[in-house]
Structures are given as C-alpha cells and as structure tokens.
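Working through the structure, step by step
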Amino acid sequence: MSHGGLVAVLVVAAACAGGQDDSGGGTATSASGPGGGTSGSTTTTAPPVTPTEPAPTFSARVGAVTAADLHASWRPGCPLSVERLRAVDASFWGFDGQVHEGRIVVADDVVDDVVGVLADLFTARYPIERMEPVDVYGGSADASVDANNTSAFNCRRATGGSSWSQHAYGRAVDLNPLLNPYVDGDTVLPPQSERYLDRSSTDQGVIHDGDPAVVAFESRGWVWGGRWRTLKDYQHFSRTGR
C-alpha cells in the first residue's frame, strides 16, 4: 500500500472513532420531553399541610370564696355561711359563638351537679350570654337579670315572698334570665321580657322543655321552674324544687 493510501485509511478510522463514545469520555445526551425538559421520572411537590386547631374543651376549677369576694351578695345573718360557698370558674359558649370563661357561686354540696351541668351544656354548645357573680351588679338581682346574666348564689328573699330564696342557699341557678321570665298571673319579671311569654321563640338561650339545659339539670334531680303549676319561673332551676 502507498503512503497516500495509508494516510487515507488513518483519516477514515479517526473519523469513525469520533462519531461514538464507548469509553464514556464524550458528552452524554438525554432524551427531552415535549416541553424540552428531561424525560423520565416526574417529581411532584405536595401542597403544604395546614394544621387544624384542636376543638375547644370544657374546663372547670372550684375554689373557696371569702366575704370580701361576696361583698355585695353575702352578709352576716345569711342562711349559709361563706365557708359553705364555692366559686366555679368554667368555660361556656357565648351568644357570639365563642368560648368564654365565667364564674358562678354555689353551695359546696351542689358543686358536682353544677360542674356536670355546665359540662353538658358546653358539649351541646348551649349558649349562655354571660356568667358572673351578682356582686358584679352590686348584689342587685334586677340588674343581673337585665344583663341576662346567669347566676346562682345571692342572699335575698324569694320573689314575692318573705322567706329566703333558694339562691340564698346557693342551690338555685337562673339561666339566661332576660329571655326566660318569671310569670305569675299578669306579673312578668323583668317587664321587658314580656315578648318571651311566647315560649315558641327560637331565639338562642330561650329554654324549652326537653332542651339540653332542662335535660342536664333534671338528669341530676333538679327541678325546672317552667314546670311549676301556680306560676312559671322559666329561668330557674333548683335542687329542692322551690
């Protein structure tokens, strides 16, 4: 073979070697998808997880009270000593659909009943507008009712009578009283609650036979004033039935 032929063979061999990469030293290519990106496995990013807030839970604390705490609702000569009274600080659902904490003062022997009732009402999301000792209202039952305040202990006489009210013993609860009046013949207390003589009202806080409030109290042996025969006290629940 001539030198010219040898050169031609070497050029052809070099050209063939440059067209493929068996050793891995050449530039690797990858297949592209329709959009120009690299085909193969697809990575999917999961949407961020939004944490859910825990459901509100009922809580209650029970503590002793002093004469100073009850400066407007207790005084010497009341039928129950201040040492027999307890403050129950408990959560409740307000008319605004939010959870609040309130206080109710009761006799020591009904604490378990009252805490149980409040727990049942909380579970049922039964609305209570406010729950404060009547001392916040200067010990005035009328002012407490006007504010639609749920309360229990108040050393006072029974409405329309001279004997001690069950509230003076811390064994009665008035629930949403502005919406659930006291009715004795033509007497409606408070007078501005006359519109609630129609007990078919579906306004929140109006007590109906068989609703969660009635069931919660009656299941513990308490009596609802809405069942009284000679008069009606729709706001009133008592341990003794009076």
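In this report, the structure presented in the accompanying data block is examined. Note that the structure is a prediction, hence the values are computed from the model and not measured.

Another aspect to go through is the overall build of the chain. Scanning the chain for helices and strands turns up 4 helices and 11 strands. For the chain, restricting intrachain contacts to residue pairs at least 6 apart in sequence, the fraction spanning at least 24 positions comes to 53%. Counting every atom, the chain has about 13600 Å² of accessible surface; 53% of that belongs to carbon and sulfur.

The linkage connecting L189 with the following residue, P190, adopts the cis geometry, with an omega of -5 degrees. For N148, which is not glycine, the phi torsion reads 55 degrees and is therefore positive. Its relative accessible area of 0% is what places N148 among the buried residues. In this model, N176 sits at a positive phi of 40 degrees, which is unusual for a non-glycine residue.

Right, let's talk about the layout of surface pockets for a bit. Empty space within the largest pocket amounts to approximately 620 Å³. Contributing to the lining of the largest pocket are 31 residues, with R156, A158, T159, Y182 and D233 lying nearest its centre. Among the elements that line the lining of the largest pocket, the one with the most residues is helix α3 (residues 141–146), at 5 residues. Tallied by class, residues from the lining of the largest pocket come to 13 nonpolar, 12 polar and 6 charged.

Such a bond, covalent and formed between the sulfur atoms of two cysteines, is termed a disulfide. All told, the structure shown has 1 disulfide when counted by the stated rule. Here C78 pairs with C155 through a disulfide, and the sulfurs are 2.1 Å apart. Handedness here is read from the sign of the S-S torsion; for C78 and C155, about -115 degrees, the answer is left-handed. Note that C78 is positioned in the loop between β1 (60–64) and β2 (85–93) and C155 in the loop between β5 (149–150) and β6 (172–174), a separation of 77 residues in sequence. Relative accessible area serves as the criterion here: at 12%, C78 is assigned to the buried category. When its relative accessible area of 4% is taken as the criterion, C155 is described as buried.

Attention shifts here to the sheet that holds strand β8 (residues 187–189). As a general point, the strands of a sheet are linked pairwise by backbone hydrogen bonds and lie either parallel or antiparallel. Read from one edge to the other, the open sheet built from 3 strands follows the order β8-β7-β10, with strand pairing classed as antiparallel. Across the chains shown, the open sheet's two edge strands, defined by having one partner strand only, are β8 and β10 (232–233). As defined by bridge partners, strand β7 (residues 182–184) adjoins β10 across 2 bridges and the pair is classed as antiparallel. Across the sheet, the residue bridging to Y182 is D233, located in β10.

One open sheet accounts for 3 strands, arranged β1-β2-β3; its pairing is antiparallel. Strands with a single pairing partner mark the edges of an open sheet, and in this sheet they are β1 and β3 (99–107). With direction set aside, neighbouring strand axes in the sheet form an average angle of 25 degrees. Where β1 and β2 come together, 5 bridges link them in antiparallel fashion. Within β2, the residue paired with G63 across the bridge is A87.

To continue, consider helix α2 (residues 111–123). Helix length check: α2, at 13 residues, gives a terminal C-alpha distance of 18 Å against a target of 18 Å (1.5 Å per residue), a fit within 8%. Within α2 the residues assigned to the buried category are V111, D113, V114, V115, G116, V117, L118, L121 and F122. Buried residues belonging to α2 abut β1, β2, β3, β4 (130–131) and α4 (212–218). Among the residues trailing α2, R125 stands out with phi positive, at a value near 55 degrees.

So, how was this worked out
- Residues numbered from 1 in each chain as written.
- Predicted model: local features only at pLDDT ≥ 70, side-chain atom pairs only at ≥ 80, totals over all residues.
- Heavy atoms only, no water.
- Helix = DSSP H or I, 4+ residues; strand = E, 2+ residues; numbered from the N terminus.
- Contact = heavy atoms within 4.5 Å.
- Areas by Shrake-Rupley, 256 points an atom, 1.4 Å probe, with all protein chains shown as cover.
- Buried < 20%, exposed > 50% of the residue type's maximum accessible area, 1.4 Å probe, protein only.
- 1 Å grid on protein atoms, 1.4 Å probe; cavity = no way out; pocket = protein on both sides within 12 Å on 5 of 7 lines; lining within 4 Å.
- Points joined across faces, edges and corners; volume = space filled by probe spheres on them.
- Nonpolar A, V, L, I, M, F, W, Y, C, P; charged D, E, K, R; others polar.
- Disulfide = S-S within 2.5 Å.
- Pairing = 2+ DSSP bridges.
- Axes fitted to C-alpha atoms, helices over the stretch in contact; angles between N-to-C directions.
- Expected span 1.5 Å × (residues − 1).

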